[in-house]
Amino acid sequence: MRDVAKTIGILGAGRVGTALARRAVAAGYEVRVATAKPVAEIALLLEIMAPGARADDAEAVVAGSDIVILALPLSKYRALRPELFAGKVVVDAMNYWAPTDGVIPEFEGAGSSSEVVQDHLAGARLVRSFNHMGYHEIDEAARPAGDPQRRALALAGDDGEARDLVAGFIDRIGFDPVDAGPLAASRGFATGGPIFGASLGRSEMRRRLQEAALAA
Ligand SMILES: NC(=O)c1ccc[n+]([C@@H]2O[C@H](COP(=O)([O-])OP(=O)(O)OC[C@H]3O[C@@H](n4cnc5c(N)ncnc54)[C@H](OP(=O)(O)O)[C@@H]3O)[C@@H](O)[C@H]2O)c1
C-alpha cells in the first residue's frame, strides 16, 4: 500500500462521485470532477455537494490526476476516450445493472464488467473498487485506521503498482483495502456476489473472496 497520490479526478458527480469527492477532500486530496455537463454547471453542484472539489472538463481532470475514478453510468462507458487514459491509474466503480443501464450485450457474459472497461481503455492501469458499497456508506461507514468497526473495500486489477496506489487512497479515506489480485478476481465483487452490499471487516472479506475464487 502506497499513500503517495495527491490529486484525485472523478468522472461523474452523482451519488457515488460526490460521496467520493467529499471523502477525498476531507482526507486532504486535491479533487477535480467532470461530468458530461458544462464546467460552470458542475461547479455550482460541487459548491453544495462537495465543497472544496473543483470542476473541470474531463480531459483536464484525467490529465491532472494521480488517480481517476469512473463514477458514471456504465451505459456511458463508450463515451470515455481511450487515448486520455493511457498510462493512468483508473478506478472503475461502475456496476452493470440491466434494469437501469438497459441490456448491454457485452456485459451479459460471466466476466467482470471491469474486464470489458479495461479492454475499451486498453492503455489504462485499471483497478475495480467501490462498486460493492452503497453510496451513502462511503460517507457513513468511513472510520480511522484501527477502529474495530472499520469496513473493508475490495480492489482488483492487473497492475500491482496501481493496486498499491489505490489501496493507499482507500485506506486514507477511511476503509481497509483488501487486495484480491488480478482484474479477473473482481468477478467476485459483482452485484449479487458474496461481498456485494455486505458490511464486512478485512478477514471475513478475504475469506469470502477466496471461497468465491475456489468455486469459480
Ligand atoms: N448508487 C450506488 O449506491 C452505487 C454504488 C456503487 C457503484 N455504483 C455505480 O457507480 C456509477 C455511478 O452511480 P451513481 O448512483 O452515482 O449514478 P448517478 O447518481 O446517476 O450519477 C451519474 C453521474 O455520471 C455523470 N455522467 C454521465 N455521463 C457522463 C460522462 N460521459 N462523463 C462523465 N460523467 C458522466 C452524470 O452527470 P451528467 O449526466 O450531468 O453528465 C452524473 O453526475 C454507476 O455505474 C453505478 O452502477 C453506484
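Reading the values: the criteria
Residues numbered from 1 in each chain as written. Predicted model: local features only at pLDDT ≥ 70, side-chain atom pairs only at ≥ 80, totals over all residues. Heavy atoms only, no water. Helix = DSSP H or I, 4+ residues; strand = E, 2+ residues; numbered from the N terminus. Rg over C-alpha atoms; globule rule 2.2 N^0.38 Å. Buried < 20%, exposed > 50% of the residue type's maximum accessible area, 1.4 Å probe, protein only. Contact = heavy atoms within 4.5 Å. Areas by Shrake-Rupley, 256 points an atom, 1.4 Å probe, with all protein chains shown as cover. Near = heavy atom within 4 Å. Polar contact = N/O pair within 3.5 Å; in protein donor to acceptor, adjacent residues only side chain to side chain. Nonpolar A, V, L, I, M, F, W, Y, C, P; charged D, E, K, R; others polar. Pairing = 2+ DSSP bridges. Right-handed = clockwise from strand over helix to strand, strands pointing away.

- An unreviewed UniProt entry lists the protein chain under the name NAD(P)-binding domain-containing protein, from Bosea rubneri.

## Remarks on the overall build of the protein chain
Here is step 1 of the chain: The helix and strand inventory of the protein chain stands at 8 helices and 8 strands.
Here is step 2 of the chain: Its C-alpha atoms give the protein chain a radius of gyration of 16 Å, within 12% of the compact-globule value 17 Å for 216 residues.
Here is step 3 of the chain: Projecting the C-alpha coordinates of the protein chain onto the three principal axes gives extents of approximately 50 × 40 × 30 Å.
Here is step 4 of the chain: For the protein chain, the residues scored as buried account for 48% of the 216 residues in total.
Here is step 5 of the chain: A separation of at least 24 residues holds for 66% of the contacts in the protein chain among residues at least 6 apart in sequence.
Here is step 6 of the chain: Of the accessible surface of the protein chain, which amounts to about 9,800 Å², a share of 53% is contributed by carbon and sulfur atoms.

## Brief notes about the site of the ligand
Here is step 1 of the chain: Lining the immediate environment of the ligand, one finds 23 residues, of which A13, V16, A36, K37 and L72 sit closest.
Here is step 2 of the chain: A distance of 2.8 Å separates an oxygen atom of the ligand from a polar atom in the backbone of A36.
Here is step 3 of the chain: Within the backbone of L72, one N or O atom sits 2.9 Å away from an oxygen atom of the ligand.
Here is step 4 of the chain: For the ligand, the protein covers 77% of the area, taking 910 Å² as the surface of the free molecule.
Here is step 5 of the chain: Among the residues forming the shell around the ligand, the class breakdown is 14 nonpolar, 6 polar and 3 charged.

## Some words on the pairing of strand β7 (residues 152-157)
Here is step 1 of the chain: Within β7, 6 of the 6 residues are buried, leaving the element largely enclosed by the surrounding structure.
Here is step 2 of the chain: Strand direction decides the pairing type here: strand β6 (residues 125-129) and β7, joined by 3 bridges, are antiparallel. Considered in β7, the bridge of R128 is made with A156.
Here is step 3 of the chain: Relative to strand β8 (residues 176-179), β7 runs parallel, the two sharing 4 bridges. Within β8, the position partnered with A154 by the bridge is V178.
Here is step 4 of the chain: In this fold, the crossover linking β7 to β8 by way of helix α7 (residues 160-173) has right-handed handedness.

## Examining the side chain of T18
Here is step 1 of the chain: With respect to the element layout, T18 can be found in helix α1 (residues 15-26).
Here is step 2 of the chain: Residue T18 is classed as buried on the basis of its relative accessible area, which comes to 3%.
Here is step 3 of the chain: With near-sequence residues (within four places) excluded, T18 lies in contact with A13, L45, M49 and A50.

## Thoughts on the pairing of strand β5 (residues 89-92)
Here is step 1 of the chain: What you see with β5 is no split at all: V89 and V91 on one side and V90 and D92 on the other are buried throughout.
Here is step 2 of the chain: Bridge count between β5 and β6: 4 bridges; the pairing is parallel. What sits directly across from D92, in β6, is R128.

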